[in-house]
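Spelled out, the chains give:
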Amino acid sequence: MANTILNTIAALEEALPAGRVVRDEETLRSRRHDYWGLQAVLDRGPSAAPSPAVVVRPQSTDEVASVMRIADQHRMPVVPFGLGSGVCGAFLPGSEALVLDLGQMDRLLDVDEKSLIASVQPGLRGSTFEADLNARGLTLGHFPQSIGVSSLGGWLATRASGQFSTRYGNIENMVLGLEVVLAGGRVLRCGATPRSSTGPDLKQLFIGSEGTLGVITKIDLALWPRPDCQQGFAMRLPSWEAGLEVTRELLQGGYRPAVLRLYDGIEAQRNFAEWFPEPAHLLLVLSEGQESMRHGLELEVEAALTACLAQGGTQLGREPLDHWLGRRNHVPSWDDLLAAGLVVDTIEVSATWRNVAPLYERVTTAMAAIPGILQASGHTSHAYTSGVNIYFTFVGQATDPLEQERIYRAAWAATMEATLGCGASIAHHHGIGRVRREWLPRELGDTGIETLRAVKAALDPNGILNPGCLI
Ligand SMILES: Cc1cc2nc3c(=O)[nH]c(=O)nc-3n(C[C@H](O)[C@H](O)[C@H](O)COP(=O)(O)OP(=O)(O)OC[C@H]3O[C@@H](n4cnc5c(N)ncnc54)[C@H](O)[C@@H]3O)c2cc1C
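Each value, and the rule that gives it
Residues numbered from 1 in each chain as written. Predicted model: local features only at pLDDT ≥ 70, side-chain atom pairs only at ≥ 80, totals over all residues. pLDDT = per-residue confidence, 0-100. Helix = DSSP H or I, 4+ residues; strand = E, 2+ residues; numbered from the N terminus. Pairing = 2+ DSSP bridges. Axes fitted to C-alpha atoms, helices over the stretch in contact; angles between N-to-C directions. Core = buried A, V, L, I, M, F, W, Y, C linked by C-beta atoms within 7 Å. Buried ≥ 20, exposed ≤ 12 C-beta atoms within 10 Å, placed from the backbone. Contact = placed C-beta atoms within 7 Å. Parallel < 35°, antiparallel > 145°, perpendicular 65-115°, else oblique. Left-handed = near helix turned anticlockwise from the far one by under 90°. Nonpolar A, V, L, I, M, F, W, Y, C, P; charged D, E, K, R; others polar. Near = placed C-beta within 6 Å. Domains from an automatic or database assignment. Expected span 1.5 Å × (residues − 1). Bend = angle between axes of the 7 residues up to and from the residue.

Comments concerning the confidence of the model for the protein
Stage number 1. On average, residues of the protein carry a pLDDT of 97, and 100% of them reach 70 or more.
Stage number 2. Averaged over each element, pLDDT in the protein is lowest for helix α14 (residues 334–339) (92) and highest for strand β3 (residues 78–81) (99).

Considerations on the sheet that holds strand β13 (residues 259–263)
Backbone-to-backbone hydrogen bonds pair the strands of a sheet. The strands run either parallel or antiparallel.
Stage number 1. Within the open sheet, the 7 strands sit side by side as β15-β12-β14-β13-β17-β18-β16. Their pairing is antiparallel. Edge positions in the open sheet fall to β15 (314–317) and β16 (342–352), since each of these has one partner strand only. The mean angle between the axes of side-by-side strands here comes to 20°, regardless of whether they run parallel or antiparallel.
Stage number 2. Of the pairings in the sheet, the one linking strand β12 (residues 229–237) to strand β14 (residues 281–289) comprises 9 bridges and is antiparallel in character. Counterpart to L237 in the pairing with β14 is H281.

Regarding the nonpolar core
Stage number 1. Counting residues in hydrophobic clusters, the biggest one holds 133 residues, and the most contacted among them are V78, L98, L100 and L156.
Stage number 2. Among the elements that take part in this core, helix α16 (residues 401–421) stands out by supplying 7 residues, more than any other.
Stage number 3. In contact with L156, other than residues within four places in its own chain, are I171, V175, F206, I207, I216 and I219.

Describing the packing of helix α15 (residues 353–368) against α16
Stage number 1. Where α15 contacts α16, the two axes come as close as 9 Å, and the packing angle between them is 155°. It follows that α15 is roughly antiparallel to α16 by the angle criterion. For the element pair α15 and α16, the recorded crossing hand is right-handed. Residue-level inspection shows L359, R362, V363, A366 and M367 of α15 in contact with α16, the latter providing A411, A414, T415, A418, T419 and G421.
Stage number 2. Residues that form the contact of α15 with α16 fall into these classes: 7 nonpolar, 3 polar and 1 charged.

Some thoughts on the site of the ligand
Stage number 1. Near the ligand lie 36 residues; those nearest to it are G82, G86, G153, G154 and G211.
Stage number 2. Of all elements in the fold, only β3, α6 (152–158) and β10 (215–222) reach the threshold of two or more residues within the shell around the ligand.
Stage number 3. Looking at the shell around the ligand element by element, the count peaks at 5 residues for α6.
Stage number 4. When grouped by side-chain class, the residues that make up the shell around the ligand number 18 nonpolar, 16 polar and 2 charged.
Stage number 5. In terms of domain composition, the shell around the ligand takes at least three residues from each of domain 1 (3–103) and domain 2 (105–225).

Focus: the pairing of β10
Stage number 1. Across the 8 residues of β10, 7 count as buried, placing the element largely inside the fold.
Stage number 2. Where strand β6 (residues 117–120) meets β10, 4 bridges bridge the pair, whose relative direction is antiparallel. Residue pairing for β10: V120 is matched across the bridge by I219.
Stage number 3. Here strand β8 (residues 175–181) runs beside β10; their pairing, made up of 6 bridges, is antiparallel. Note that in β10 the partner of L178 across the bridge is I219.

Some words on the packing of helix α10 (residues 240–252) against α15
How two helices pack is summed up by the angle between their axes together with the distance between the axes.
Stage number 1. The interhelical angle for the contact between α10 and α15, taken along N-to-C directions, is 160°, at an axis separation of 11 Å. One finds that α10 runs roughly antiparallel with respect to α15. Handedness of the α10/α15 crossing: right-handed. For the pair formed by α10 and α15, the contact residues are W240, E241, L244 and R248 on the first element and W353, V356, A357 and Y360 on the second.
Stage number 2. Class assignment of the residues belonging to the contact of α10 with α15 gives a composition of 6 nonpolar, no polar and 2 charged.

Some thoughts on the sheet that holds strand β5 (residues 108–112)
Stage number 1. Taken together, the 5 strands give an open sheet; going across it, the order is β5-β6-β10-β8-β9, and neighbouring strands pair in antiparallel fashion. Two strands close off the open sheet at either side, each with one partner strand: β5 and β9 (187–190). Adjacent strand axes in the sheet meet at a mean angle of 10° when their direction is disregarded.

So, helix α17 (residues 440–459)
Because an α-helix completes one turn every 3.6 residues, residues spaced three or four positions apart along the sequence face the same direction.
Stage number 1. With 20 residues, α17 should reach 28 Å at 1.5 Å per residue; the first-to-last C-alpha distance of 20 Å falls well below that figure.
Stage number 2. Maximal helix bending in α17 amounts to about 95°, located at D446.

Some remarks on the domain arrangement of the protein
Stage number 1. Structurally, the protein comprises domain 1 (3–103), domain 2 (105–225), domain 3 (229–327) and domain 4 (334–435).
Stage number 2. Computed from C-alpha coordinates alone, the two centres of domain 2 and domain 3 are separated by 29 Å.
Stage number 3. In this complex, domain 2 contributes 5 residues to the contact, which on the side of domain 3 involves 6 residues.
Stage number 4. Its residues assigned to classes, the side of domain 2 that touches domain 3 shows 2 nonpolar, 2 polar and 1 charged.

Notes on the environment of P52
Stage number 1. Within the secondary structure, P52 is located in the loop between α3 (37–42) and β2 (54–56).
Stage number 2. For the pair P52 and R23, spaced 29 residues apart in sequence, the C-alpha to C-alpha distance is 9.2 Å.
Stage number 3. Look past the residues within four positions of P52 in its chain and what remains in contact with it is L28, R31, P93, G94, S95, A97, L98 and V99.

This is how it looks when you write it as structure tokens:
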């Protein structure tokens, strides 16, 4: 290991309490990469990710600031780590980097039950936080499938979305206050207020910055009373377009069901085989709120039912919805899939209503044309008055790691190209990381990418924060 790295580690050990700087083989190996599907493929061959130089586990904002000061002085790359569930290769530190593991900054600091605001440290696990809120009769309303394996800091850093976002909003809608440690160790604090008109919203700079602009050390989040009334149903629909039309009508009619999930025929059959022996389109609808809102929820579900029937839908009752609710947080293992000779990934993008049908056609057609791809499919899960996301899934077949890599890269390239060709956004909520990096300049444009680079240069002039990610 180079002397400069050893000197930095010595400086860190001197500045921090005992036990914060960790260098045992097992810990270093466990902090090599996130949950990126391509890295799982590469790890089976000669391009396995190396261990980082050192892992540091701070317990306070002051300790994070000390780490950032020392790393900046020694020009050592720093890569924040939440819980490593990112799926785009945003966390891939390399052999010369310091991993800033926020797992010991995992406390719920305060709950203001009058204003419905929680203050938390970034390393808090999503499911632990939600369980604690539920015990107080509250919820955040943010339910990513990865809620049990991801942190609150990671949610902000990747600009995450939960499965109930159509009612509660995405993570950026929930953040009221933020504390961030910048490269060099200065601390930026944005206090929790319901709203302010004090120039550009600095918090939004860091939401989605993927560890490249600062380290999030404290978050204030808006809460909701925990819902105690749910209504919903599942509907078989004659076409994908019919499902899109129902979704658009509801959103533009002012309704906000928590869940509106539209599956194409392939995905309905794959995930709901009991009800779909033959491929057909499926819409899941779930409304929720307080018992005192029951009448409003009934009206919302009634409106959804009417819209579905008008499109030629067939009612399936609640069972497929309950089936999804019971399995929705299952985390698949890349290793199991790859060992079975399957290369699988999901790619989430978003489009306006005008573009969404052509986008689905172009992406699924382009993916299906790739040699080795068995299935190309999609579902929508986050709806807006202006449009919707599409979660594309590809399943390829190959046992040779080089062939698996070819299929993986080709499916992503086809999806990114078709998405840009339709004027849609290349990322709805997983972020850019490394997998989408080469396409980002085309979405942001030259001036957009230069602006992002200028912000990076101003906040992190020595480029120590998560180099190689995002930009
Ligand atoms: C099975 C599965 C299902 C998923 N479902 C969803 C879903 O429904 N919705 C969704 O949005 N995402 C989903 N994801 C993606 C992933 O869980 C999210 O991106 C999550 O927000 C990452 O959180 P993390 O704590 O694991 O972050 P990590 O993977 O540890 O880090 C992600 C990025 O954030 C940076 N970072 C982490 N903490 C901080 C911090 N405190 N300050 C600054 N930067 C930081 C890291 O450097 C890295 O660049 C899913 C992933 C899996 C594996």
